[in-house]
Amino acid sequence: MSKKLGLLFAAFVLVVSSFFVAVNPASAATVEVKMGADKGNPLGFEPKEITISSGDTVKWVNNKMAPHNVVVAGHEELSHKGMFFKSGEAFEATFTEPGEYDYWCDPHRGAGMVGKVVVK
Ligand SMILES: [Cu+2]
């Protein structure tokens, strides 16, 4: 193979491999959950229960009735124990293991601020 052809081939391989790299992460979704619901109980998560695929990310966005936090039962690494005070503050966690994850907001747990993430 000539040097020129070799370079062309290397460029082709790069283009093809970057295509495959770009396709995979695009299939993972980010699902938003409001902390402080607009509908129903304002001291709640909206939606209260979501179903996602493993590898997807949940993004909790501070909406109203702050402060809030997110404590996922038995999963320190998926929790954000610090309080969110400002509207628009957000926290993301990526769920890689299928299962059911119950979570709550510490100051409002008694008021029913609980939620669930189902990972398929
Ligand atoms: Cu709360």
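Attention here is on the structure that accompanies the text. (Residues numbered from 1 in each chain as written. Predicted model: local features only at pLDDT ≥ 70, side-chain atom pairs only at ≥ 80, totals over all residues. Heavy atoms only, no water.)

## Here's the deal with the nonpolar core
Phe 45, Val 58, Trp 60, Val 70, Phe 95, Tyr 103 and Val 117 are the most contacted members of the largest nonpolar core, which totals 20 residues. Sorting the residues of this core by element identifies β1 (30-35), β3 (49-52), β4 (57-62), β5 (68-72), β7 (90-94), β8 (99-104) and β9 (114-119) as the ones contributing at least two each. (Core = buried A, V, L, I, M, F, W, Y, C linked by side-chain atoms within 4.5 Å. Buried < 20%, exposed > 50% of the residue type's maximum accessible area, 1.4 Å probe, protein only. Helix = DSSP H or I, 4+ residues; strand = E, 2+ residues; numbered from the N terminus.)

## Regarding the pairing of β9
Relative to β9, β3 runs parallel, the two being bridged by 4 bridges. Following the sheet pairing, Thr 51 is matched in β9 by Val 118. With 6 bridges connecting them, β8 and β9 associate as antiparallel partners. Bridge pairing links Tyr 101 to Val 117 in β9. (Pairing = 2+ DSSP bridges.)

## Topic: the coordination of the copper ion
On the protein side, the copper ion has His 68 (ND1), Cys 105 (SG), His 108 (ND1) and Met 113 (SD) as donor atoms, found 1.9 to 2.5 Å from it. Angles of 93 to 130 degrees at the metal separate the 4 donor atoms of the copper ion, which places the site in the tetrahedral class. The class of His 68 is buried, set by a relative accessible area of 0%. Under the relative-accessibility criterion, Met 113 is labelled buried at 0%. (Donors = N, O, S within 2.8 Å, 3.2 Å for Na, K, Ca; no water. Tetrahedral: all angles 85-135°; square planar, octahedral: opposite > 155°, others 65-115°.)

## Observations regarding the pairing of β7
The two faces of β7 differ: Phe 91 and Ala 93 on one face are buried, but Ala 90, Glu 92 and Thr 94 on the other face are not. Of the strand pairs in this sheet, β4 and β7 are connected by 5 bridges, and their pairing is antiparallel. Looking across to β7, one finds that Thr 57 is bridged to Thr 94.

## With respect to the pattern of salt bridges
According to the stated counting rule, one finds 5 salt bridges in the structure shown. Two residues, Asp 38 and Lys 64, come together in a salt bridge whose shortest N-O distance is 3.4 Å. A residue pair is termed long-range when its members are at least 10 positions apart, and Asp 38 in the loop between β1 and β2 (45-46) and Lys 64 in the loop between β4 and β5 qualify at 26 residues. For Asp 38, a relative accessible area of 42% translates into the label partly exposed. Judged by relative accessible area, Lys 64 falls into the partly exposed class, the value being 33%. What emerges from the salt-bridge pattern is a single network uniting Lys 34, Asp 38 and Lys 64. (Salt bridge = Lys/Arg side-chain N within 4 Å of Asp/Glu carboxyl O.)

## Overview of the sheet that holds β5
Taken together, 5 strands build an open sheet; the order of strands is β3-β9-β8-β5-β6 and the sheet is mixed. What marks the edges here is a single partner per strand, and that holds for β3 and β6 (80-84). Ignoring strand direction, the axes of neighbouring strands in this sheet form an average angle of 20 degrees. (Axes fitted to C-alpha atoms, helices over the stretch in contact; angles between N-to-C directions.)

## Re the side chain of Ser 79
Position of Ser 79 among the secondary structure elements: in the loop between β5 and β6. The class for Ser 79 is buried, based on a relative accessible area of 14%. Among the polar contacts listed, one links the side chain of Ser 79 to the backbone oxygen of His 75, at a separation of 2.8 Å. Leaving out residues up to four positions away in the same chain, Ser 79 has contacts with Val 70, Val 71, Val 72 and Phe 91. (Polar contact = N/O pair within 3.5 Å; in protein donor to acceptor, adjacent residues only side chain to side chain. Contact = heavy atoms within 4.5 Å.)

The values reported here are purely geometric and, on their own, carry no functional implication.
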